[in-house]
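Read off the chains here:
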Amino acid sequence: MQQFKTLSGTFVPMSMENIDTDQIIPARFLKATTKEGFGKNLFRDWRYDANNNPKPDFILNKPEYSGQILVAGKNFGCGSSREHAAWSILDYGFRAVVSSFFADIFKNNALNNGVLPVQVSEDFLQKIFKLGKEATLTIDLENQKIRIDATGEEEKFDINNYKKTCMINGYDDIDYLLSLKDEIAQFETQLN
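Now for a look at the structure at hand.

About the criteria used
- Residues numbered from 1 in each chain as written.
- Predicted model: local features only at pLDDT ≥ 70, side-chain atom pairs only at ≥ 80, totals over all residues.
- Heavy atoms only, no water.
- Helix = DSSP H or I, 4+ residues; strand = E, 2+ residues; numbered from the N terminus.
- Contact = heavy atoms within 4.5 Å.
- Pairing = 2+ DSSP bridges.
- Axes fitted to C-alpha atoms, helices over the stretch in contact; angles between N-to-C directions.
- Parallel < 35°, antiparallel > 145°, perpendicular 65-115°, else oblique.
- Left-handed = near helix turned anticlockwise from the far one by under 90°.
- Nonpolar A, V, L, I, M, F, W, Y, C, P; charged D, E, K, R; others polar.
- Buried < 20%, exposed > 50% of the residue type's maximum accessible area, 1.4 Å probe, protein only.

**Section: the environment of Ala135**
Topologically, Ala135 is positioned in the loop between helix H5 (122-129) and strand E6 (137-140). Distance from Ala135 to Glu155, taken between C-alpha atoms, is 17 Å for residues 20 residues apart in sequence. Those residues in contact with Ala135 that sit more than four places away from it in its chain are Gly9, Thr10 and Phe11.

**A word on the sheet that holds strand E3 (residues 69-72)**
Ordered in space as E2-E3-E4-E5, the 4 strands form an open sheet in which the pairing is parallel. Strand pairing shows two members of the sheet lacking a second neighbour, strand E2 (11-14) and strand E5 (116-119), which therefore form its edges. Averaged over all neighbouring strand pairs, the angle between strand axes comes to 20°, with direction disregarded. Pairing of E2 with E3 involves 4 bridges; the strand directions are parallel. Bridging across to E3, Val12 finds its partner in Leu70.

**As for unusual backbone geometry**
The backbone of Asn75 shows a phi angle near 65°, a positive value even though the residue is not glycine. Examined against the element boundaries, Asn75 turns out to sit in the loop between E3 and helix H3 (84-92). Positive phi is not limited to glycine here, since Gln144 has a value of about 55°.

**Regarding the packing of H3 against helix H4 (residues 104-112)**
For the pair H3 and H4, the least separation of the axes is 8 Å and the interaxial angle reads 50°. When the axes of H3 and H4 are compared, the pair comes out oblique. For the crossing formed where H3 meets H4, the hand is right-handed. Contacts between H3 and H4 involve Ala85, Ala86 and Ile89 from the former and Phe106, Asn109 and Ala110 from the latter. Class assignment for the residues of the contact of H3 with H4 results in 5 nonpolar, 1 polar and no charged.

**Regarding the environment of Val98**
Relative to the helices and strands, Val98 is located in strand E4 (residues 96-99). With a relative accessible area of 0%, Val98 lands in the buried category. For the pair Val98 and Ile69, spaced 29 residues apart in sequence, the C-alpha separation works out to 7.4 Å. When near neighbours in sequence (up to four residues on either side) are disregarded, Val98 contacts Ile69, Leu70, Val71, Ala72, Val118, Val120, Leu125, Ile128, Ile139 and Ile146.

Shown next, in the form of C-alpha cells:
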C-alpha cells in the first residue's frame, strides 16, 4: 500500500445519501481477481448511458471537478460487503472518502486497501458541500484532522490506531507483522 500521512487538494462532491456498493461498482464487473482496472467502472451506471457514452451531467464526467478526495452524503458504502468497491475507488484515483457515516464493512475494506474513510459531523459535511469547485481540503492522518483550507475550520475524526499505523507506513496486515520481526525474534529468544 501507498503511505498516507497528509493529503491536500480539491475534491469531488457527491451529496447523494445511501450510496451502496452496487452503485459504486455494479456486480457485473466483479469477475476479475486482481485489484487493477476497477476504476474505469466506478459508478458505471451513473457515469455512462446504455451506449457507453459519458453522461455529461454526472460529477465524475465534469472536468472542473477533480482530486483524490471524494466527498459523499451519509451512509456511504452500504449494501453488500464487496471489497471491489474499495478497489474501484482507489483504482480511480481517490485516496480518501469523506462522509458523515460509513457502512462498517465498507469502512474496513477501505482501510484494508489504502483508502482513508474520514467520518465527519453532518454539519461539517454540509459546509464542505457548500464550497466552490476550486476549494481545497487537507486531511492530516497523523493528527486525525480534516480542514477546510479557505476558512481554516477543522474537525477531528476517529480511526483505529492499528489501521492508522498501517496507513501512515503503507503497510497491509502482513507488512505490519514483518515490521515486527526483530521484536518477535527477540521475544522468542527470551522464551528459550
